Amino acid sequence: MKGNLIVITLGRVLQVLISFATLKVVTNYLSPGNVAYYFLFLSILNYFGLSFISPAGQYVNRQLHPWKKDKVLFNRLFNHSLYIFAVSVIAAPAIYLASKHFGLLDGLNSLNIALLVGLGVLFNTAISTIVPTFNMLGYQVTFVIFTVCWLLLSLVLSVFYIHIGGEDIFNWFLGQISSQALVSIIAFFVLKHFTKEKLHIKEAISSINAGGVRSALKFALPLILSTLLMWGATDSFRFVLEKTHGLEYVGLFSVGLAIAQRFSYAVESIAQQVFYPTFYSKMNLPVKERSLAWHKMFYSSLPLYLVTTLMTVVLSPLLITIFSGPQYKEAVPFVICGALFHLFRKLTANFSMIAHSEMKTKMLILPYSVGALFSSLGIYLFSFSNFHLPGIILVLGGFMMFVTMIYKTSSALKFKWDSKQAVEAVTIWFKFKRL
């Protein structure tokens, strides 16, 4: 555990530095309008990722250990790749039509948008499937190396394409996609070497049967709706703000939230890398063991989340100065709102794992519906032309989403605060500090 914590934390520090360097470069290399397009484009990729890819990915995570035990891991990953390819093929024309006829990302070339979205969905999903598999199967060092290389190469190639092709949002994302494609291919062969499994395409295809599809759909269909609503809660506000406040406000708002988000995702990833593999490995055990595993994960991650939120709020003026261009100083309130919103998002995600563990993903729909209503309809109706109110509404939506998630998951796993168990879990981090 101690060795893993050291590797994971050092790797996460490097990832955070690269992530913030990327934000610094984006806000200095690109115009405010292109910065807004940058975040809107990310929101589109997140839409397909959360709505169509994440439910299938959750099912894959749920089955990784049984598949590895049965020596069919690569066969099932091949089946998953067919699904990813199908989604990317559907995404490209769908975005083309939305851009051409409904004004999505108005001002950009519709064909270029469609091609980038299709390739982005394909390769972003490929790398975010293969690389985390190393962590889930216990290869934490390899996971950290590939993640750092992927992020660093993405930044280098994006800057390179900007230099040779000019300040253009398409050149930026071309660098991102090139890095994802290259690292995904290398990671695939390394994972194959580690697991010593062969890919049998005939067996993989023959395993696609009505029973298997029904089992996957039973798990994934409720998730499709809930993750679509999750996107509504965490990303849809950018498209609303584009209509109500303008493109430059979207850039300002998104930069503030992005700084808070990067710290939030950094510490969340540490918690997930340390505790998720154990939690997933116990998902198929009796309910008492599953409950103990979830509580340990929750109590261990909670102090990390609280400290990160507090530090982000206190240091928000300094963070804006360090990690963004000089024209984004007014975004300090949005860093604070982002820190609070992502605290509630992380806690909501922790409780949502109860639904995944108990295979009752329908209970996720209502909480994310509440968050989506605040982030889209709430901001549209009540924040028109007000500078600070969108951030406040977003935080309120995050809090209500969290409260609703506790209520919905209480029927599957009764949560009751246990001070002794909480203290025992927190000592993991104190032991780490004394290393």
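Residues numbered from 1 in each chain as written. Predicted model: local features only at pLDDT ≥ 70, side-chain atom pairs only at ≥ 80, totals over all residues. Heavy atoms only, no water.

Engineer: Looking at this model, I keep getting lost on the nonpolar core. Mind explaining?
Structural biologist: When a protein is soluble and globular, its nonpolar side chains tend to lie buried together. Core analysis: the largest hydrophobic core is formed by 125 residues, its most contacted members being Leu105, Val117, Trp172 and Trp294. Examining the composition of this core, we find that 17 residues originate from one element, helix H10 (residues 247-281), more than from any other. (Core = buried A, V, L, I, M, F, W, Y, C linked by side-chain atoms within 4.5 Å. Buried < 20%, exposed > 50% of the residue type's maximum accessible area, 1.4 Å probe, protein only. Helix = DSSP H or I, 4+ residues; strand = E, 2+ residues; numbered from the N terminus.)

Engineer: I would appreciate a short explanation of empty space enclosed by the protein in the present structure.
Structural biologist: The method is simple in principle: a probe with the dimensions of a water molecule rolls over the atoms, and the space it marks as empty is what remains. Scanning the entire structure with this criterion turns up two cavities of 30 Å³ or more. The calculated volume of the second largest cavity comes to roughly 40 Å³. Around the second largest cavity sit Ala260, Phe263, Ser264, Thr308, Thr309, Thr312, Ala339, His342 and Lys346, which together line it. Of all the secondary structure elements, the ones that give two or more residues to the lining of the second largest cavity are H10, helix H11 (287-314) and helix H13 (332-357). Classifying every residue of the lining of the second largest cavity gives three nonpolar, five polar and one charged. (1 Å grid on protein atoms, 1.4 Å probe; cavity = no way out; pocket = protein on both sides within 12 Å on 5 of 7 lines; lining within 4 Å. Points joined across faces, edges and corners; volume = space filled by probe spheres on them. Nonpolar A, V, L, I, M, F, W, Y, C, P; charged D, E, K, R; others polar.)

Engineer: Would you explain the side chain of glutamine 176 in this entry?
Structural biologist: The residue glutamine 176 is located in helix H6 (residues 169-195) in this model. Given a relative accessible area of 17%, glutamine 176 falls into the buried group. The residues contacting glutamine 176, other than those within four sequence positions of it, are Ser154, Leu155 and Ser158. (Contact = heavy atoms within 4.5 Å.)

Engineer: When you look at the pattern of salt bridges in this model, what are you seeing that I'm missing?
Structural biologist: Opposite charge on two side chains permits pairing when their charged atoms draw close. In this structure the tally under the stated criterion is three salt bridges. Of the charged contacts in the structure, one is a salt bridge between glutamate 203 and arginine 76, with a shortest N-O distance of 3.1 Å. One end of the pair, glutamate 203, is in helix H7 (residues 201-206); the other, arginine 76, is in helix H3 (residues 73-102), and 127 residues separate them in sequence. Across the pair arginine 345 and glutamate 268 runs a salt bridge, and its minimum N-O distance is 2.8 Å. (Salt bridge = Lys/Arg side-chain N within 4 Å of Asp/Glu carboxyl O.)

Engineer: Could you clarify how one ought to interpret the packing of helix H4 (residues 110-136) against H6 in this entry?
Structural biologist: Two measures define how a pair of helices packs: the angle their axes make with one another and the distance between the axes. Close contact between H4 and H6 brings their axes to 8 Å; oriented N to C, the two are set at 30°. The angle between H4 and H6 falls in the class roughly parallel. Read as a crossing pair, H4 and H6 show a hand that is left-handed. When grouped by side-chain class, the residues that make up the contact of H4 with H6 number 20 nonpolar, six polar and no charged. (Axes fitted to C-alpha atoms, helices over the stretch in contact; angles between N-to-C directions. Parallel < 35°, antiparallel > 145°, perpendicular 65-115°, else oblique. Left-handed = near helix turned anticlockwise from the far one by under 90°.)

Geometry only, nothing functional implied.
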